[in-house]
There are 2 protein chains.
Amino acid sequence: MGEIEEVLKKHHIRPTAIRLLMYKYLRDRNVAATLNDIESGFDKSDRTTLYRTIKTFEKKGLVHQINDGTGIAKYALDDKTTGTTALQDLHLHFHCIKCNETVCLTDHKIPHISLPKGYLSKDMNLLVKGVCDKCNLK
Amino acid sequence: MGEIEEVLKKHHIRPTAIRLLMYKYLRDRNVAATLNDIESGFDKSDRTTLYRTIKTFEKKGLVHQINDGTGIAKYALDDKTTGTTALQDLHLHFHCIKCNETVCLTDHKIPHISLPKGYLSKDMNLLVKGVCDKCNLK
DNA sequence: GAAAAACATGCAACTTAAGTGCAAATCTAT
DNA sequence: ATAGATTTGCACTTAAGTTGCATGTTTTTC
Ligand SMILES: [Mn+2]
Ligand SMILES: [Mn+2]
Ligand SMILES: [Zn+2]
Ligand SMILES: [Zn+2]
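Remember, it's a predicted structure, so these values are computed and weren't measured experimentally.

**Let's talk about the coordination of the zinc ion (ligand 3)**
All names here are of chain A.
Then, in step 1: Protein-derived ligands of the zinc ion (ligand 3) are Cys96 (SG), Cys99 (SG), Cys132 (SG) and Cys135 (SG), with the metal-ligand distances lying across 2.2 to 2.4 Å.
Then, in step 2: Geometry at the zinc ion (ligand 3) is tetrahedral, judged from its 4 donor atoms and the angles of 104 to 116° they form at the metal.
Then, in step 3: On the primary sequence, the residues serving as donors to the zinc ion (ligand 3) are separated as C-x2-C-x32-C-x2-C. Of the two residues, Cys96 sits in strand 4 (residues 91-96) while Cys135 sits in helix 5 (residues 133-137), which places them 39 residues apart along the sequence.

**Here we look at the coordination of the zinc ion (ligand 4)**
Residues and elements named next belong to chain B.
Then, in step 1: Protein coordination at the zinc ion (ligand 4): the donors are Cys96 (SG), Cys99 (SG), Cys132 (SG) and Cys135 (SG), at 2.2 to 2.4 Å from the metal.
Then, in step 2: For the zinc ion (ligand 4), the 4 donor atoms in the first shell make angles of 103 to 117° at the metal, so the coordination geometry reads as tetrahedral.
Then, in step 3: We note that the donor set of the zinc ion (ligand 4) lies within a single chain, spaced as C-x2-C-x32-C-x2-C. Pair noted here: Cys99 is in the loop between strand 4 (91-96) and strand 5 (102-109) and Cys132 is in the loop between strand 6 (120-131) and helix 5 (133-137), with a separation of 33 residues, a long-range link.
Then, in step 4: Since its relative accessible area comes to 29%, Cys99 is described here as partly exposed.
Then, in step 5: Note on Cys132: relative accessible area 6%, which makes it buried.

**Focus on the interface of chain B and chain A**
Then, in step 1: Contacts between the two partners involve 32 residues from chain B, matched on the other side by 32 residues from chain A.
Then, in step 2: Across the chain B/chain A interface, buried area totals approximately 2600 Å², and carbon plus sulfur atoms make up 65% of it.
Then, in step 3: Counting every contact that joins chain B to chain A gives 0 salt bridges.
Then, in step 4: Taken together, chain B and chain A are joined by 12 residue pairs in polar contact (both at pLDDT 80 or more).
Then, in step 5: A total of 12 residues in the side of chain B that touches chain A trace back to one element, the largest contributor, which is strand 6 of chain B.
Then, in step 6: Its residues assigned to classes, the side of chain B that touches chain A shows 18 nonpolar, 9 polar and 5 charged.
Then, in step 7: Sheet topology note: the strand 6 (residues 120-131) of chain A/strand 6 of chain B ladder contains 11 bridges and is antiparallel. By the bridge assignment for strand 6 of chain B, Lys129(A) is matched with Asp123(B).

What counts, and where the lines are drawn
- Residues numbered from 1 in each chain as written.
- Chains lettered and ligands numbered in written order.
- Predicted model: local features only at pLDDT ≥ 70, side-chain atom pairs only at ≥ 80, totals over all residues.
- Heavy atoms only, no water.
- Donors = N, O, S within 2.8 Å, 3.2 Å for Na, K, Ca; no water.
- Tetrahedral: all angles 85-135°; square planar, octahedral: opposite > 155°, others 65-115°.
- Helix = DSSP H or I, 4+ residues; strand = E, 2+ residues; numbered from the N terminus.
- Buried < 20%, exposed > 50% of the residue type's maximum accessible area, 1.4 Å probe, protein only.
- Contact = heavy atoms within 4.5 Å.
- Buried area = accessible area lost by both parts, 1.4 Å probe.
- Salt bridge = Lys/Arg side-chain N within 4 Å of Asp/Glu carboxyl O.
- Polar contact = N/O pair within 3.5 Å; in protein donor to acceptor, adjacent residues only side chain to side chain.
- Nonpolar A, V, L, I, M, F, W, Y, C, P; charged D, E, K, R; others polar.
- Pairing = 2+ DSSP bridges.

Right, dumping it as structure tokens:
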């Protein structure tokens, strides 16, 4: 029961009711969620609170934002199997142009990229657009 | 004089005054432009017209949209040094977190990426965030 | 070359995601 | 218990993107 509570506390997030619910929501979902998705997942709560909650999660390193080219921000829980959040940790994101869903391919890392002289890399995002396995079967 | 006209015609775009100006604007710029950038570059013209012009350019394969994570669409001319617009052609984009500018690194291609079984790739976007050469010197 | 059709432009209005201000509610620490 | 800090909910704002429609311009047809 207190398992999620522990996770939040470890990230210095006070475990309020909504935060516990949102964490569960994100954990039980296997695709990235927009704020609208999250809002639809809760009957009761207010959009602003959900917005600030996801931003708190993001700031505290619990979720990461994904930009899949649709212009609408999506969010997914960080992969906590790797203890360290190094730059090597950067995985690729896949956006399906049929079902519009976006997933983290956490074990597909971004290969090393060489940059022109003078350029310094701090972060990377590799987005692949195409058709996902589910949509491919149909 | 008719050089730009020829380029537009080749892409089945009628060479109106605004279109010629926007093409020139984009060509003489070495960083990707937002619609606001373009708007600021012209004293006279209307935002909607500029919007539809850039969308026409995009549809006809003259420019490509770049999503650099700022949430604001940017545009840059396609690289016409390579005659073919194949999937191999995909280059990487660099967004400087200091000056907020985004550039096409057209000769830095995206390396081959393997996907899980069933996934089909149609397009890719590799975005690197960091500090550009100009900002690095300061 | 005039008329019709097709396309481009400008203005206003709409849509929607994102973000802010502020007061009420809740939680934490003294 | 009280004071201080944080969280929540509601109203409102912002800004990019987009569409409808009337007018202007170019191209095609006859
Ligand atoms: Mn991810
Ligand atoms: Mn580019
Ligand atoms: Zn799909
Ligand atoms: Zn810079």
